[in-house]
Amino acid sequence: MFTQVLHFAPYLKSVIWGGERIAPFKGIATDQTCIGESWEISAVPGHVSTVDRGPLKGKSLSELINEHGAELVGEKIYRKFGENFPLLIKLIDARDDLSVQVHPDDNLAQKRHSCPGKTEMWHIIDTAPDAKIYVGLKEEITPGDYERRVADNSIMDVIAAYDSAPGDTFFLPAGRIHAIGAGNLLAEIQETSDITYRIYDYDRRDKDGNPRQLHTAEARDAIDYTVHPDYRSSTEGSLLADCDYFVVNNIKPDGNIVILPHTRDSFTIVMCLDGEAEITCSTDEANPERQTLRIKQGETLLFPATLHLITATGKCNLLSVQA
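What counts, and at which threshold
Residues numbered from 1 in each chain as written. Predicted model: local features only at pLDDT ≥ 70, side-chain atom pairs only at ≥ 80, totals over all residues. Heavy atoms only, no water. Helix = DSSP H or I, 4+ residues; strand = E, 2+ residues; numbered from the N terminus. Rg over C-alpha atoms; globule rule 2.2 N^0.38 Å. Contact = heavy atoms within 4.5 Å. Buried < 20%, exposed > 50% of the residue type's maximum accessible area, 1.4 Å probe, protein only. Salt bridge = Lys/Arg side-chain N within 4 Å of Asp/Glu carboxyl O. Pairing = 2+ DSSP bridges. Axes fitted to C-alpha atoms, helices over the stretch in contact; angles between N-to-C directions. Arc of directions from axis to C-beta.

Undergrad: If you had to explain the overall build of the protein chain to someone new, which residues and values would you point to?
TA: Check the secondary structure of the protein chain and you find seven helices and 22 strands. On C-alpha atoms alone, the protein chain measures out to a radius of gyration of 20 Å, which is about the 20 Å that the 2.2 N^0.38 rule sets for 323 residues. In terms of its C-alpha atoms, the protein chain occupies a principal-axis envelope of roughly 65 × 40 × 40 Å. Considering only residue pairs separated by 6 or more positions, the protein chain has 76% of its internal contacts joining residues 24 or more positions apart.

Next comes the structure, spelled out in structure tokens:
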């Protein structure tokens, strides 16, 4: 039975809007600058995560799924996705505003790109003063209105803006317009997809003085034009999100032993956003062969589906993710 807990080497991505907080948050010494993203667990072609510690060091996530199948990811997930891991887990640090974007749903993405769409969520870890999140429409517009507002640079006038704070959560189903504002450090959980339609980029120019490419026509048919009264997630207890693609809980043991929810036939991902925890895991309550390990701020661990009982103790802030 496969019961190995996995830690992967992060893919640190430098971008024009990236900041300098991810490396110190993760305790990484690097000369790399403008790190906007850390891909903690990825199966995106070209950036498949590789184990960086323990007896399986050097193994890729795809290799491990091929070798261990449902024991690693869960029966239902393995039948549906095979060796394709279904989630992409990131940390994002925005020194500057990101472009306004939208992602196609699964049907449109399959039709256009032969890949899944992208439903995602953000959980805010830290913010600079006056940091904002832009998400959803605050008034009704038509597809024609949308194209006109992009052309005359007034699209931001109809997008809802929120002052962001640590602990805020925003759920972003495919089709919902969104942008991360400057000053946000956050965790992002999403479908394994790298398809993004850029709607608006504040008329910024690249290093050669050219405007960045927009996907105005592609986005027109991908946008959900429904207006909602509030786009900040209203959470009950530890549950932050529960959709067809993932369920996410926020766990804060505060020194006590807490059992992490295990609601699906799925692997479990644990991200440590603050502090440090001792994690104990086993296949079931009757199994005396339990593993004990530690997780600290900035680390992300993947627990195989065989480990049904996972407990945490310590003063910490964790995200627990299942597909």
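Here the narrative resumes.
Undergrad: Describe in detail unusual backbone geometry, supporting the description with residues and values.
TA: Excluding glycine, residues mostly carry a negative phi; peptide bonds, for their part, are mostly trans. Phi is positive for C34, which is not a glycine, with a value near 55°. Mapped onto the elements, C34 comes out in the loop between helix 1 (22-26) and strand 3 (35-41). Judged by its relative accessible area of 22%, C34 is partly exposed. One non-glycine residue, S114, lies in the positive phi region at around 55°. By the element assignment, S114 lies in the loop between helix 5 (106-113) and strand 8 (120-127). For S114, a relative accessible area of 63% translates into the label exposed.

Undergrad: How would you sum up the pattern of salt bridges? Please name residues and give values.
TA: Pairs can form between side chains of opposite charge whenever their charged atoms are close. The final tally for this structure, using the stated rule, is 21 salt bridges. Residue E299 pairs with K296 through a salt bridge whose shortest N-O separation is 3.9 Å. E299 sits in the buried class, given a relative accessible area of 8%. Overall, the relative accessible area of 39% leaves K296 in the partly exposed class. Each of D96, D201, R204 and R212 takes part in a single network of salt bridges with overlapping partners.

Undergrad: Could you give an account of the side chain of S38, naming the residues involved and the relevant values?
TA: Tracing the sequence through the fold places S38 in strand 3. Other than its neighbours up to four places away in sequence, S38 contacts P10, Y11, L12, I22, K26, I89, K90 and L91.

Undergrad: How would you sum up the sheet that holds strand 8? Please name residues and give values.
TA: Spatial ordering of the open sheet is given by 2-3-6-13-8-11, a layout of six strands whose pairing is antiparallel. With partners counted over all chains shown, the strands left at the sheet margins are strand 2 (11-19) and strand 11 (169-172), one partner each. Between one strand axis and the next, the sheet turns through 20° on average, direction left out of account. Taken together, the seven bridges between strand 8 and strand 13 (residues 184-191) define a ladder with antiparallel strand orientation. Its bridge partner lying in strand 13, H123 is registered against A187.

Undergrad: I'd love a proper account of the side chain of E299, names of residues and values included.
TA: In this fold, E299 is placed in the loop between strand 19 (291-296) and strand 20 (300-303). If we skip the residues at most four places from it in the chain, E299 touches H7, E40, R53, V270, M271, C272 and R294.

Undergrad: Describe in detail helix 6 (residues 143-151), supporting the description with residues and values.
TA: For helix 6, the set of buried residues is Y146, R149 and V150. The buried residues of helix 6 occupy an angular sector of 100° when the element is viewed end-on, so they sit on one face. Where helix 6 is buried, its residues touch strand 14 (197-200) and helix 7 (216-222).

Undergrad: Can you lay out the environment of G136 for me, pointing to particular residues and giving the numbers?
TA: Here G136 lies in strand 9 (residues 132-137). Once you skip the residues sitting within four places of it in the chain, G136 turns out to touch V158, I159, A160, R176, I177 and Y231.

Undergrad: How would you sum up the environment of F246? Please name residues and give values.
TA: For F246, the location among the structural elements is in the loop between strand 15 (239-242) and strand 16 (247-251). Judged by relative accessible area, which is 0%, F246 ranks as buried. In this structure the C-alpha to C-alpha distance between F246 and L108, which are 138 residues apart in sequence, comes to 20 Å. Setting aside chain neighbours within four positions, we find F246 in contact with L87, T119, E120, M121, F171, I189, Q190, A241, R264, Q322 and A323.

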